[in-house]
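Inside the fold
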Amino acid sequence: SWDGKLLACQLMEAPWTLPLEEGFQSAWERYPTLIKPVERSEECLGCKQLSTCWSCHATRLAESGDAGIGSPYLCESMRVMPEHKQL
């Protein structure tokens, strides 16, 4: 990132390491140990669109405040996508 953090995605604020301070190799190897699995909500797991859902952890976090929960906007987008698939 602009401030020297190693992030998986610029939209995610955490987790991160500091390769300029601890060295790139160390930061790169340590980064995966900081990642916590995201539990998807029951609503997401029961959704018909789950296998084709394009929302990522970062968009879900930004939209709903929780990386495991889709926001109404994201969920509605996925519900109408099949209707417009032929366009």
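First things first, this report covers the structure right here in the doc.

Scoring rules and cut-offs
Residues numbered from 1 in each chain as written. Predicted model: local features only at pLDDT ≥ 70, side-chain atom pairs only at ≥ 80, totals over all residues. Heavy atoms only, no water. Helix = DSSP H or I, 4+ residues; strand = E, 2+ residues; numbered from the N terminus. Rg over C-alpha atoms; globule rule 2.2 N^0.38 Å. Buried < 20%, exposed > 50% of the residue type's maximum accessible area, 1.4 Å probe, protein only. Areas by Shrake-Rupley, 256 points an atom, 1.4 Å probe, with all protein chains shown as cover. Lys, Arg positive; Asp, Glu negative; His and termini not counted. Charge placed at Lys NZ, Arg CZ, Asp CG, Glu CD. Salt bridge = Lys/Arg side-chain N within 4 Å of Asp/Glu carboxyl O.

**Points about the overall build of the protein chain**
- Of the regular secondary structure elements, the protein chain holds five helices and zero strands.
- If you list the helices and strands of the protein chain from N to C, you get α-α-α-α-α.
- Expected size for 87 residues packed as a compact globule is a radius of gyration near 12 Å; at 16 Å, the protein chain overshoots this value by more than 25%.
- Of all 87 residues assigned to the protein chain, the portion counted as buried reaches 25%.
- In the form shown here, the protein chain has an accessible surface area of approximately 6,600 Å², with 59% of it arising from carbon and sulfur atoms.
- For the protein chain, the centre of its 8 positive side-chain charges and the centre of its 12 negative side-chain charges are spaced 5 Å apart.

**Things to note about the environment of Arg40**
- Mapping Arg40 onto the fold places it in the loop between α2 (24–34) and α3 (42–45).
- Classification of Arg40 by relative accessible area gives partly exposed; the value is 24%.

**Details of the pattern of salt bridges**
- Within this structure, the stated rule accounts for two salt bridges.
- Linking Lys5 and Asp3 is a salt bridge whose minimum nitrogen-to-oxygen distance equals 3.7 Å.
- Asp3 gets classed as partly exposed once you look at its relative accessible area, which sits at 36%.
- Across the salt bridge formed by Arg30 and Glu22, the nearest N and O atoms sit 2.8 Å from each other.

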